Amino acid sequence: MLTAIAQRVGRAILLMWFVTVITFLTLRLTPGDPAELLLGPAAADPDSAALVQELRHTLGLDRSVVVQYGTWIGRLLRGDLGTSNQSGTAILPTVLAAASPTVWLIVLSLVVAVPISVLLGLGAARARSRWVDATVRHLSSLAMATPGFWIGLLFIIFFAVKLGALPSTGYTSPQVSFGGFLEHMILPVATLSIYLIGILVRFVHLEATTALQSDFTRTARAMGISRGRTTWVYTLRNAVLPMITVVGVQMGSLIGGAVLVEQVFGLGGLGQLMLQGVLNRDYPTVQGAVLFTTAAVVLATTLADVIRSVVDPRIR
Amino acid sequence: MRHLRTRHVTLTVAAVALIGALAACSSGINSTPTTGASSAAGTATSGSAGTTPASSAAGGATTDETLTMAIPSDISNFDPATNQLIQYIYAIRNNVFSTLVKYDTNLGVEPDLATPSVNDDSTEYTFALRPGAIFQDGTPVDAAAVIASLKSVAAGKSIYSTYLSGVSKMTAKDATTVVVTLSEPNAAFLDGLVNIAIVAPDSAKTVGKTPVGSGPYAFDHATANREIVLKRFDGYYGNKPAYATIDMKVITDPQVAVNNLYSGAVDAVSEAPTSVVKQLDTGKGAVVAPQESNSIAMFEFNSSGKLADPRIRQALAYALNKSAIQKIAYGGDGTITGSVIPSGPFAAKVDGYPYDLDKAKELLAAAGASDLTLNLTLPSGHPEATQAAQIWQSALGSIGVKLSVDAQETSVWVDNYVKRTYDVTFNFFNESGDPNSFFNTIMLPHLKDDYKNPTMLSEIAEALTITDQQKRIAAYATLAEQVNEDLPILVIQTRPLTAITSSRVTGLQLNPLGWLLIDNATPAG
């Protein structure tokens, strides 16, 4: 067991190193020059070439990519993510501040989506009706296919503009005001949850249908255990356990979905930080944010595997 | 010595294009070679001694209200010596900082922290500082602080340092008088100063993160990609603004911003594209626009290689259906023109080229251009540019010119723009009251590179030294005609500039550069 966990952690570190290399290279290979962007229109003047060069030197961009990478990774190992090309501010606190709404958005969406998906999926499987099955399948497809951006806009128009019941933009930290935090998170969480429910409900439905038709369910019923207890204890357990892995695997796309939702509701999370960083060719910011996101995804999937192996003896 | 009048001393902020992010300021004191003419200082010369430094504000009662404003992108660098973002200028620089002189709403230059006066040969400017002005950290705005600030900008690496490149000496005559000596006359000097904020000396090293100036609002806090909050500065020397707090929310999508305006989450949207403005629910929001726009949309040619022959460029101009572009891309707004100086005190009336495909074909034949294939680049995120390019592409296709349209992410576009790896590119430019901004920022790089025209180069330099306003206007009118004739740049029209405000706010204004002015904003009712 410990060996398996150690291997998993080793693979995770290797993966993260690989991501740092890919991110670093991709940014450098992408057209666009941070120095030109910083200098603005003056960069177009042929006489400004020296100024552009000086700025590139100041930013360390005139060194070879290998040296730039070595410098960055050296700092990283000392816990220093560097400073922004644009503002000169330290990356780590910026990334942590931006991560707060993103992490809360994902966590709360899971808290909402998982139980709803289980109830819907299991309930539909238990109904054993072709119509219910089809309805669940189609609705989950619709939920997955509908862009979060569009759903978010609809929510704003209805709940914020028409009803005036909820705020349409911004984020309040739970430490500042828990009520304000909840108020600001309801619509973003609802938006992301719809997408998540679309994925999970279909999965739970499939697993539950299989479990309901399995030998152990039939045996339980034959032993006189009630249908309700069979469903909500035995079937539920077998249907839900694999979901741990699914959630872990979905973490990447969940962050992708969160990026769009953040944009609509002005949460100012990791997605906006990365997007702004890419547009400004702010290499250190993008590298820091991508590294943080990768670490989060790797951690989530590793944790999912570990939890799964702990709670499900078959995996071991 | 005579005092400078408050009206239009040229200014030169220019938002070069595209750079959606780099709506930059341009112009420059001495980046243009000058001819060494003996007199100078151009338009800023006449009269009105002792003009009272203008106070910037509403003059009404202060309130405890918050003005919440949607801005289209985050501002991460608060250093006024380096940040050229247009939203930085109107959101932070104009509110947190003061400048020695500033624009009035029509881009005339008026005193702010100081009343300027100039000697007879226009090489020595004396700035009488406003008594009692203090920075938000409580330190006085004195001559030493002003000089330290100017020297810091002059020594920096940014476009703003070019405004001071002709300065040979800065001295403190006394605690409230600064004397700036120029190596040669420059009619656009005060215009340049409009862009140079005076920073509290003690904050010089941290200004990028925590700006401290002497403007009507003090920086309170910022959360990356979320919001920037300013608080009214009670020690401000001018009239106190009505709003106690300015809360700027970063909302990148304009339609989302407008929905937030409808819901009451924001009171104003600082920049709104035509597509959003045309769908505005006028019961819930009102359009704010300047009386006239000093922003031009244009196509810039790479006047070397395929397009070296001016007849080919003229043919392309005849194939540009500006009326269709105005109707489709700009919703019927803006003014069609051929002038690079479409409005303001230097306005030059140039009609440009009518839409005439026969004439275009004739010119192409005369130039011997057949099977012409051109590449047009444009920055993504500007649907009007794409629409204009497509309209042009269609017309050119009918006369045998193949135009490929390449929408590029802004950073990529900037890189190609700087390296001039295009045949034609879309650009826009927010031009100050002084046309030097356009010629210095947009024309000079072409003149030094792909469009060789020594005559125009020397005329641009000379225009900067002319002291007589009428003669200067005439000089720039001639230059505008030359640009239209030779076509290194093809002007399409002026760009509509718009912000949106809710009925909860009155008094918001937009100047011809697209800067949202909140000085006079007050809560409605």
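Here the structure is a predicted model, which means the values were calculated and not measured. (Residues numbered from 1 in each chain as written. Chains lettered and ligands numbered in written order. Predicted model: local features only at pLDDT ≥ 70, side-chain atom pairs only at ≥ 80, totals over all residues. Heavy atoms only, no water.)

Considering the overall build of chain A
If you tally the helices and strands in chain A, you get 12 helices and zero strands. The N-to-C order of helical and strand elements in chain A reads α-α-α-α-α-α-α-α-α-α-α-α. The principal-axis extents of the C-alpha atoms in chain A amount to approximately 85 × 55 × 35 Å. Residues classed as buried in chain A amount to 48% of the 316 residues present. Put simply, chain A shows about 15,100 Å² of open surface, and 70% of that area lies on carbon and sulfur atoms. If the 22 positive side-chain charges of chain A are averaged to one point and the 15 negative ones to another, these points end up 21 Å apart. (Helix = DSSP H or I, 4+ residues; strand = E, 2+ residues; numbered from the N terminus. Buried < 20%, exposed > 50% of the residue type's maximum accessible area, 1.4 Å probe, protein only. Areas by Shrake-Rupley, 256 points an atom, 1.4 Å probe, with all protein chains shown as cover. Lys, Arg positive; Asp, Glu negative; His and termini not counted. Charge placed at Lys NZ, Arg CZ, Asp CG, Glu CD.)

Comments concerning the overall build of chain B
Within chain B, the secondary structure is distributed over 14 helices and 26 strands. Relative to its 525 residues, chain B shows a buried fraction of 62%. Considering only residue pairs separated by 6 or more positions, chain B has 75% of its internal contacts joining residues 24 or more positions apart. Surface accessibility of chain B: about 17,100 Å² in total, with carbon and sulfur atoms responsible for 49%. (Contact = heavy atoms within 4.5 Å.)

Comments concerning the sheet that holds strand β14 (residues 245-250) of chain B
Residue and element names in this part refer to chain B. Overall, mixed pairing links the seven strands, which are arranged β12-β13-β14-β3-β15-β22-β16 in an open sheet. Taken across any chain shown, the strands that pair with only one partner, and hence form the sheet edges, are β12 (217-223) and β16 (286-288). Direction of pairing for strand β3 (residues 66-71) relative to β14: parallel, over a ladder of six bridges. Paired with Thr 68 across the strands is Asp 247, a residue of β14. (Pairing = 2+ DSSP bridges.)

As for a nonpolar patch on the surface
Taken together, the side chains of Leu 14, Leu 15, Trp 17, Phe 18 and Ile 22 of chain A define a hydrophobic patch exposed on the protein surface, amounting to about 520 Å² of accessible area. Note on placement: Leu 15 of chain A falls in helix α1 (residues 2-29). (Patch = residues over 30% accessible without salt bridge, like charges linked within 9 Å, V, L, I, M, F, W, Y side chains within 5 Å. Salt bridge = Lys/Arg side-chain N within 4 Å of Asp/Glu carboxyl O.)

Here we look at the packing of aromatic side chains
The relative placement of two aromatic rings is captured by the distance of their centres and the angle of their planes. All names here are of chain A. One pass over the structure, following the stated rule, counts 24 aromatic pairs over all chains. A ring pair is formed by Phe 24 and Trp 72, whose centres lie 5.9 Å apart and whose planes are at 35 degrees; its orientation type is tilted. Taken together, the residues Phe 24 in helix α1 and Trp 72 in helix α4 (residues 65-77) connect sequence positions 48 residues apart. Like Phe 24, the residue Trp 72 is buried in the burial classification. For the cation-ring pair, Arg 28 lies above Phe 24, with the distance from its terminal atom to the ring centre recorded as 3.7 Å. (Phe/Tyr/Trp six-rings, centres within 6.5 Å; stacked < 30°, edge-to-face > 60°. Lys NZ or Arg CZ within 6 Å of the ring centre and 35° of its normal.)

Notes on the pattern of salt bridges
Pairs can form between side chains of opposite charge once their charged atoms are near each other. Summed over the entire model, instances satisfying the criterion amount to 18 salt bridges over all chains. Note that Glu 409 of chain B and Arg 281 of chain A form a salt bridge whose closest N and O atoms lie 2.6 Å from each other. Remark: Arg 281 of chain A occurs in the loop between α11 (270-279) and α12 (283-311) and Glu 409 of chain B occurs in the loop between β19 (402-408) and α11 (410-419); the pair is interchain, linking two chains. We classify Glu 409 of chain B as partly exposed; its relative accessible area is 22%. Residues Asp 351 of chain B and Lys 349 of chain B are paired through a salt bridge, measuring 2.8 Å at the closest nitrogen-oxygen approach.

Some details on the environment of Pro 147 of chain A
Mapping Pro 147 of chain A onto the fold places it in the loop between α6 (130-145) and α7 (148-162). Taking C-alpha positions, Pro 147 of chain A is 8.4 Å from Tyr 195 of chain A, a pair spaced 48 residues apart along the chain.

A few points about helix α8 (residues 178-212) of chain A
Counted at 1.5 Å a residue, the expected span for α8 of chain A with its 35 residues is 51 Å, but the 42 Å between its end C-alpha atoms falls short. At Met 185 of chain A, α8 of chain A shows its strongest bend, of approximately 40 degrees, with the proline Pro 188 of chain A following within four residues. (Expected span 1.5 Å × (residues − 1). Bend = angle between axes of the 7 residues up to and from the residue.)

Quick word on the side chain of Ser 339 of chain B
Mapped onto the fold, Ser 339 of chain B is located in the loop between α8 (322-328) and α9 (357-366). Looking at Ser 339 of chain B, its side chain comes within polar contact range of the main-chain nitrogen of Ile 341 of chain B, at 2.9 Å. (Polar contact = N/O pair within 3.5 Å; in protein donor to acceptor, adjacent residues only side chain to side chain.)

Quick word on helix α10 (residues 227-265) of chain A
Given 3.6 residues to a turn, an α-helix orients residues that are three or four positions apart in the same direction. All names here are of chain A. The end-to-end C-alpha distance of α10 is 44 Å, clearly below the 57 Å that 39 residues give at a rise of 1.5 Å each. Maximal helix bending in α10 amounts to about 50 degrees, located at Met 251. One or two residues past the end of α10 sits Gly 266, with phi positive at roughly 55 degrees.

Some details on the packing of α1 of chain A against α12 of chain A
Residues and elements named next belong to chain A. In contact at an axis separation of 10 Å, α1 and α12 are set at 155 degrees when each is read in the N-to-C sense. Taken together, the axis directions place α1 and α12 in an arrangement best described as roughly antiparallel. The chirality of how α1 crosses α12 is right-handed. Residues Ile 5, Arg 8, Ala 12, Leu 15, Met 16, Val 19, Thr 20, Thr 23, Phe 24, Leu 27 and Arg 28 of α1 form the contact with α12, whose participating residues are Tyr 283, Val 286, Gln 287, Val 290, Leu 291, Thr 294, Ala 295, Val 298, Thr 301, Thr 302, Asp 305 and Val 306. In terms of residue class, the contact of α1 with α12 is built from 14 nonpolar, six polar and three charged. (Axes fitted to C-alpha atoms, helices over the stretch in contact; angles between N-to-C directions. Parallel < 35°, antiparallel > 145°, perpendicular 65-115°, else oblique. Left-handed = near helix turned anticlockwise from the far one by under 90°. Nonpolar A, V, L, I, M, F, W, Y, C, P; charged D, E, K, R; others polar.)

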